[in-house]
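Inside the fold
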Amino acid sequence: LESELRFTHKHGAILLRLGIQNHLIDVGQLVNKRVDQVILTRLVSSAQLGYYAISATYAGLALTVALAPSLHLYSQASQTGRVAPDQFRSLQRRTTAVMLLVAVLAALVAPVFLTVVFGQAFAPAAGPAIVLAFGAPPLALSALRAAVWKGSGKPLPAAFAEAAGI
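Read on for a plain summary of the structure. (Residues numbered from 1 in each chain as written. Predicted model: local features only at pLDDT ≥ 70, side-chain atom pairs only at ≥ 80, totals over all residues. Heavy atoms only, no water.)

In this structure, S70 sits in helix α2 (residues 46-80). The residues contacting S70, other than those within four sequence positions of it, are A143, L144 and A147. (Helix = DSSP H or I, 4+ residues; strand = E, 2+ residues; numbered from the N terminus. Contact = heavy atoms within 4.5 Å.)

Bringing the packing of aromatic side chains into the picture now. One pass over the structure, following the stated rule, counts three aromatic pairs. Judged by centre distance (5.9 Å) and plane angle (90 degrees), the rings of Y51 and F122 are edge-to-face. You can see Y51 sitting in helix α2 and its partner F122 sitting in the loop between α3 (85-118) and α4 (126-133), a full 71 residues away along the chain. Of the residues examined, Y51 reaches a relative accessible area of 23% and is grouped as partly exposed. With a centroid separation of 5.9 Å and an interplanar angle of 55 degrees, the aromatic rings of F118 and F122 are classed as tilted. Residue F122 is classed as partly exposed on the basis of its relative accessible area of 28%. Here a set of aromatic residues connected by ring pairs shows up, and it is made of Y51, F118 and F122. (Phe/Tyr/Trp six-rings, centres within 6.5 Å; stacked < 30°, edge-to-face > 60°. Buried < 20%, exposed > 50% of the residue type's maximum accessible area, 1.4 Å probe, protein only.)

Right, let's get into the side chain of Q76. Within the secondary structure, Q76 is located in helix α2. Within polar-contact distance, the side chain of Q76 engages the side chain of Q87 at 2.9 Å. Ignoring any residue separated from it by four or fewer positions in sequence, one finds Q76 in contact with R82 and Q87. (Polar contact = N/O pair within 3.5 Å; in protein donor to acceptor, adjacent residues only side chain to side chain.)

Another aspect to go through is the packing of α2 against α3. In contact at an axis separation of 9 Å, α2 and α3 are set at 155 degrees when each is read in the N-to-C sense. Classified by the interaxial angle, the pair formed by α2 and α3 is roughly antiparallel. For α2 against α3, the interelement crossing comes out right-handed. Counted by class, the contact of α2 with α3 contains 18 nonpolar, three polar and no charged residues. (Axes fitted to C-alpha atoms, helices over the stretch in contact; angles between N-to-C directions. Parallel < 35°, antiparallel > 145°, perpendicular 65-115°, else oblique. Left-handed = near helix turned anticlockwise from the far one by under 90°. Nonpolar A, V, L, I, M, F, W, Y, C, P; charged D, E, K, R; others polar.)

Another point: the environment of V27. Examined against the element boundaries, V27 turns out to sit in helix α1 (residues 9-40). Judged by its relative accessible area of 38%, V27 falls in the partly exposed class. Once the C-alpha coordinates of V27 and A159 are considered, the two residues, 132 residues apart in sequence, prove to be 8.7 Å apart.

Below you can see the structure in the form of structure tokens.
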């Protein structure tokens, strides 16, 4: 089958608007993930900033688990244009339960993991890592909401939510 691909200025404008809105989400996420370290450069010593950077990176490992349901949900929302409310609530409950378990495990393992991987000198990084690990459940829920908005072609609410998080 041979089909003709047509591109009009109207389609270009729609794609550009959607792309900009999606890009705003990415910028918001990037700023949210790193603005704390930029602020801390003026408030703490280099050693403390190093501990915090390691802690934030360690806590970010849990987010790889958190993003799996949102990526699946994004795919589904993109195909159908929506997600059934009961299905979304069920996924939220399951994601929260799993992420709480992951956060508890990450908190319990942090002191051992950080000293084994980075050495005894980085033991002070465990405290912030434990605190930051418990940020993963709310971030996972935020990712679920963003996936539905983006997948249904309405990324602007997700961009506003990221901006509010800054």
